[in-house]
Amino acid sequence: MLDQGAPPQQRDRTVSASPGLGARLMRRKPVERLVAEGGQGEGGSLRRSLGLWQLTMISIGATLGTGIFVVLGEAVPKAGPAVTLSFVIAGLTALFSALSYAELAGTIPVAGSSYSYAYATMGELIAWVCGWCLVLEYGVSVAAVAVGWGEYLNELLDGTIGVTIPAALSAPPGDGGVFNLPALIVVLLAMTFLLGGARESARANTVMVVVKIAALVMFCAIGIQGFRSGNYEDFMPLGMAGVSAAGATLFFSYIGFDAASTAGEEATNAQRDLPRAIMLSLVIVTALYVLVAAVAVGARPWQGFTDSEAALAQIMRDVTGQAFWGTLLAFCAVIAIASVVLTVLYGQTRILFAMSRDGLVPKVFSRVHPKTGAPRANTLIVSLFCGVLAAAVPLGQLADATSIGTLFAFALVNVAVVILRRTRPDMPRTFRVPLSPLLPALGFAFCVWMMGSLSTVTWVVFGVWMAVGLVFYFLYGHRRSRLASSEVK
């Protein structure tokens, strides 16, 4: 209560010391403080052990997988042969946002990725919203990818020992099963690697990335032999609306290029290597996606992709007339998709690590094990949650929910890069978005456009997710924010 007998100047100072709700929601965390706190957790620190090669492999590992091995089978019926154009549109959307990510990752090299960028430019509430979207992007993406892994595992088992996992144990409710056991298993395997530390996880991921790139090159070399130009005669049978809808679904395929930005506090030279890793990985992935999609549609009429979640393995088998090649591709896909689970799960734990350090989520997520330099409790909690989600929810619903959360976060990053240019123009930047603010504005527009192409059900799920997040923020994060505590002191 104010002292009514105090001089007016003192009463004014007392009032100004207690900012209103709007000011508290818009408080920004200084870039210098974000960088200074890098790597610090509860009881220990993250270890800097990742170079450009490992960071690039993390981005490719998180991106190249389910989108081309599994989601392609869902996108082709929406766009027909024009699915190749859908990949290009989704890739352009990712490119505009990747440019903004590259600039911010080099300027603010921390584990929080776009959550931290939003905290430094748009304030705590927007940062929370962005972080909550990243939880949807990474956490649900892990589950979605794990579902696709089970499809190729069955292809592999069928081609090698002639048996498959019963539908009741290899598909979630709604897709003809009871519990997706393979999806849970691959998440737990990834968890085991992550518990060993970032360097060990990066080594395992690098091996898996090399295998999956070799697998896609092999598919193109064999699939081109079955190429039929007639499959492209009716290039856009469902019109531009179909291309747009497929592009929104295929954007799921590009989720992960930003994974390198979550490793900002474990990179040996983050400001130099993060922008390079992000751009290099996106170029490699986009080239592979377009090439594989073009060969796949040329080798099989687009109408034959309906309900085909292991489409590439089936095309290999059809073209060669031998089960061996399809089985070999299924083996490579099992490894490839496992690497996506590993790297995306890594990104999710680091996002929560940064949010926990800021006090917006419980401290347990920022606890670092002194021997491994890894947030063990965080990894265990996230892995178990994602594993159960993967075992119980169908792939299609997970992929679309992941896409909308990602697009929203990417849109905010494009805004953040423009704001930081205006508020801190003199900050050193190892990479600058060309033609700013034009390209960030295009990135923002593309993200909004693709969000509009998603289904009403996806928007309802997103709305519910955001409502739950805001309730949690006002009941917990807003009260425990460490930035607010430091301002009071």
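Reading guide: rules and limits
Residues numbered from 1 in each chain as written. Predicted model: local features only at pLDDT ≥ 70, side-chain atom pairs only at ≥ 80, totals over all residues. Heavy atoms only, no water. Helix = DSSP H or I, 4+ residues; strand = E, 2+ residues; numbered from the N terminus. Polar contact = N/O pair within 3.5 Å; in protein donor to acceptor, adjacent residues only side chain to side chain. Contact = heavy atoms within 4.5 Å. pLDDT = per-residue confidence, 0-100. Axes fitted to C-alpha atoms, helices over the stretch in contact; angles between N-to-C directions. Parallel < 35°, antiparallel > 145°, perpendicular 65-115°, else oblique. Left-handed = near helix turned anticlockwise from the far one by under 90°. Nonpolar A, V, L, I, M, F, W, Y, C, P; charged D, E, K, R; others polar. Expected span 1.5 Å × (residues − 1). Buried < 20%, exposed > 50% of the residue type's maximum accessible area, 1.4 Å probe, protein only.

Comments concerning unusual backbone geometry
In step 1: A cis amide bond, omega 10 degrees, links Ser436 with the succeeding residue Pro437.
In step 2: Residue placement: Pro437 occurs in the loop between helix 17 (395-423) and helix 18 (438-452).
In step 3: In this structure, Ser113 is a non-glycine residue whose phi angle is positive, near 55 degrees.
In step 4: For Ser113, the position within the fold is in the loop between helix 6 (83-107) and helix 7 (114-121).
In step 5: For Leu435, which is not glycine, the phi torsion reads 55 degrees and is therefore positive.
In step 6: In this fold, Leu435 is placed in the loop between helix 17 and helix 18.

Quick look at the side chain of Ser339
In step 1: When you line up the elements, Ser339 lands in helix 15 (residues 323-357).
In step 2: A distance of 2.7 Å separates a polar atom in the side chain of Ser339 from the backbone oxygen of Ala336.
In step 3: Residues within four places of Ser339 in sequence aside, it is in contact with Gly61, Asn205, Met208 and Lys212.

Focus: the side chain of Arg350
In step 1: With respect to the helices, strands and loops of the structure, Arg350 is situated in helix 15.
In step 2: Here Glu266 takes part through its side chain, which lies 3.0 Å from a polar atom of the side chain of Arg350.
In step 3: Contacts of Arg350, omitting those with residues within four sequence positions, involve Ala111, Ala198, Thr262, Glu266 and Pro375.

Thoughts on the confidence of the model for the protein chain
In step 1: Per-residue confidence for the protein chain gives a mean pLDDT of 83; residues scoring 70 or more make up 91%.
In step 2: Per-element averaging of pLDDT across the protein chain places helix 1 (residues 8-16) at the bottom with 43 and helix 7 at the top with 90.
In step 3: The low-confidence segment residues 1-16 (pLDDT under 50) makes five contacts with residues lying over four places distant or belonging to another chain.

Quick word on the packing of helix 8 (residues 124-160) against helix 16 (residues 376-392)
In step 1: Two elements in contact, helix 8 and helix 16, have axes whose closest approach is 8 Å; the angle formed by their N-to-C orientations is 50 degrees. Comparing the axis directions of helix 8 and helix 16 gives the class oblique. Crossing handedness for the pair helix 8 and helix 16: right-handed. Residues Gly139, Val140, Val142, Ala143, Ala146 and Val147 of helix 8 touch helix 16, and the partners they reach there are Cys386, Leu389 and Ala390.
In step 2: Tallied by class, residues from the contact of helix 8 with helix 16 come to eight nonpolar, one polar and no charged.

Details of helix 8
In step 1: The terminal C-alpha atoms of helix 8, which comprises 37 residues, lie 53 Å apart, in line with the 54 Å expected from a rise of 1.5 Å per residue.
In step 2: Most of helix 8 is tucked away: 31 of the 37 residues are buried.
In step 3: One or two residues past the end of helix 8 sits Gly162, with phi positive at roughly 75 degrees.

A few points about the environment of Gln271
In step 1: Within the secondary structure, Gln271 sits in helix 13 (residues 270-299).
In step 2: Residues in contact with Gln271, not counting those within four places in the same chain, are Gly106, Thr107, Pro109 and Thr430.

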